[in-house]
Amino acid sequence: MLGVVVTETLYLTHPDLSEGRLAKLRAAVVNARALAGVARGIGLGEHVKLGRGEESTGGREKASILSDTVEAVIGAIHLSGGLAVAAEVVHRLFDPLMATAAELGAGLDWKTSLQELAAEDDLGVPEYIITDEGPDHAKTFTARVRVAGGLYGNGIGRSKKEAEQAAAETAYGELVSRRSPTETDPSSGEA
C-alpha cells in the first residue's frame, strides 16, 4: 500500500525525472530508516505492545520494530477504511518526506552517489571497513571507506547499513572537496 501511493505520487509530481532517479526517490522514502523516522515523529513507539525482552533492550526505539509497525498500521487502515483512507494517511505522513527527498540530490543514497563519484574519477570501487562495539542487543557500528588506497569518511549507526551510509556521506564530501580545490580556494581568483 505504502509503496503504491509513494510511487504514484512521485511519478505524478516529477514526470520529467528518469526511471533511475524516481527509483532513488522511492527508495529514500520507503525504507526502514525513513519509516522509523515517521514512527518517531508521531510517537508510535509509545503505543507498541512489547515483550519484556524487547522492552528492556530499547525496542521502542528500534528502527526495525518502528518501521514494521508503521507498515502494519497503514495495512490496518487499508483493511478497515479502504484504499482512499489509507492513501490519505500515507500522504499526511509521507508527503513532507517525499518533498525533502526530491531536494536532496546526491544525498538520496550516499553509497550509490559515492560509487558513482569514484567511477567518474576512476578511483575503483569503495570498500567499507566496519567495526562494532557493545552487547549484541545494543551494538554501535562504525564505518570508514577505503577509496583508491585512502581512508575517508566516518559513520556511526545502530546498524551496519546506517553506519555505511553516514561514512559514504562524509567520504563523498571529502572527495568532492579534494576533487576541485580551486573552487574553494579564494586565493585562486576563481569562484
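Along each chain, residues carry numbers from 1 onward, in the same order as the chain's sequence is written. Two thresholds apply to this predicted model, a pLDDT of at least 70 for residue-level local features and 80 or more for giving and counting side-chain atom pairs, whereas whole-chain, interface and lining totals are computed over all residues. No hydrogens and no water enter the side-chain calculation; it runs on all heavy atoms of the structure.

Draft legend 1. Looking closely at the packing of aromatic side chains. In this scheme Phe, Tyr and Trp rings, the latter by its six-membered ring, pair at centre separations within 6.5 Å, and the angle between planes marks the pair as stacked below 30 degrees, edge-to-face above 60, and tilted otherwise. Here the structure, examined in full by the defined rule, presents one aromatic pair. Either the NZ atom of lysine or the CZ atom of arginine qualifies as a charge over a ring when it sits within 6 Å of the ring centre and within 35 degrees of the ring normal. Taking NZ or CZ as reference, lysine 111 lies 4.9 Å from the ring centre of tyrosine 128, over its face.

Draft legend 2. Here's a closer look at the sheet that holds strand E1 (residues 127–133). Between any two strands, at least two bridges found by DSSP are needed for them to pair. Think of it this way: any DSSP run of H or I at least four residues long counts as a helix, any run of E at least two long counts as a strand, and we number them from the N terminus. Sheet architecture is open: three strands sit in the order E1-E2-E3, paired in antiparallel fashion. Two strands close off the open sheet at either side, each with one partner strand: E1 and strand E3 (150–157). On average, each strand axis in the sheet is inclined to that of its neighbour by 20 degrees, with strand direction left out of account. In this analysis, axes come from line fits to C-alpha atoms, helices being fitted only over the stretch in contact, and the angle between any two N-to-C directions falls in the range 0 to 180 degrees.

Draft legend 3. The arrangement of the pattern of salt bridges in detail. In the sections that follow, a salt bridge refers to a side-chain nitrogen of Lys or Arg positioned within 4 Å of a carboxyl oxygen of Asp or Glu. Scanning the model with the defined rule gives nine salt bridges in all. Here arginine 40 makes a salt bridge to glutamate 61, at a shortest N to O gap of 2.9 Å. Pair noted here: arginine 40 is in helix H3 (residues 32–41) and glutamate 61 is in the loop between helix H4 (52–56) and helix H5 (63–81), with a separation of 21 residues, a long-range link. What makes arginine 40 partly exposed here is its relative accessible area of 40%. One salt bridge connects lysine 139 with aspartate 132, and the closest N-O pair in it is separated by 3.3 Å. What emerges from the salt-bridge pattern is a single network uniting Asp132, Asp136 and Lys139. Residue exposure (1.4 Å probe, protein chains only): buried if accessible area is under 20% of the type maximum, exposed if over 50%, otherwise partly exposed.

Draft legend 4. Layout of the nonpolar core. Core analysis: the largest hydrophobic core is formed by 21 residues, its most contacted members being Leu2, Val6, Val70, Val90 and Phe94. Those elements that provide at least two residues to this core are helix H1 (2–13), helix H2 (19–29), H3, H5 and helix H6 (83–104). No other element matches the five residues that H6 contributes to this core. In what follows, residue pairs with any heavy atoms lying within 4.5 Å of each other are defined as contacts. Residues contacting valine 70, with those up to four places away along its chain left out, are Leu35, Ala39, Leu44 and Phe94. Remark: nonpolar core denotes a set of buried residues (Ala, Val, Leu, Ile, Met, Phe, Trp, Tyr, Cys) joined through side-chain atoms within 4.5 Å.

Draft legend 5. Layout of the pairing of E3. In the sheet, strand E2 (residues 140–147) pairs with E3 via six bridges, with the strands oriented antiparallel. Paired with valine 147 across the bridge in E3 is glycine 150. The hairpin turn running from E2 into E3, its antiparallel successor, is two residues long, and alanine 148 in that turn takes a positive phi close to 50 degrees.

Draft legend 6. Here's a closer look at helix H7 (residues 110–120). Among the residues making up H7, those that are buried are Trp110, Ser113, Leu114, Leu117 and Ala118. The buried residues of H7 occupy an angular sector of 135 degrees when projected down its axis, which confines them to one face. Exposed positions of H7 whose direction lies more than 90 degrees from the buried face are Ala119 and Glu120. Taken from the residues just after H7, aspartate 122 is the one with a positive phi, measuring 55 degrees. Taking the helix axis as origin, the arc is that swept by the directions to the C-beta atoms.

Draft legend 7. Focus on unusual backbone geometry. Even without being a glycine, aspartate 122 presents a positive backbone phi close to 55 degrees. Following the sequence through the fold, aspartate 122 ends up in the loop between H7 and E1. Overall, aspartate 122 belongs to the exposed group, its relative accessible area being 71%. Phi at alanine 148 takes a positive value of approximately 50 degrees, unusual for a residue other than glycine. Its place among the elements puts alanine 148 in the loop between E2 and E3. According to the relative accessible area criterion, alanine 148 is exposed, its value standing at 55%.

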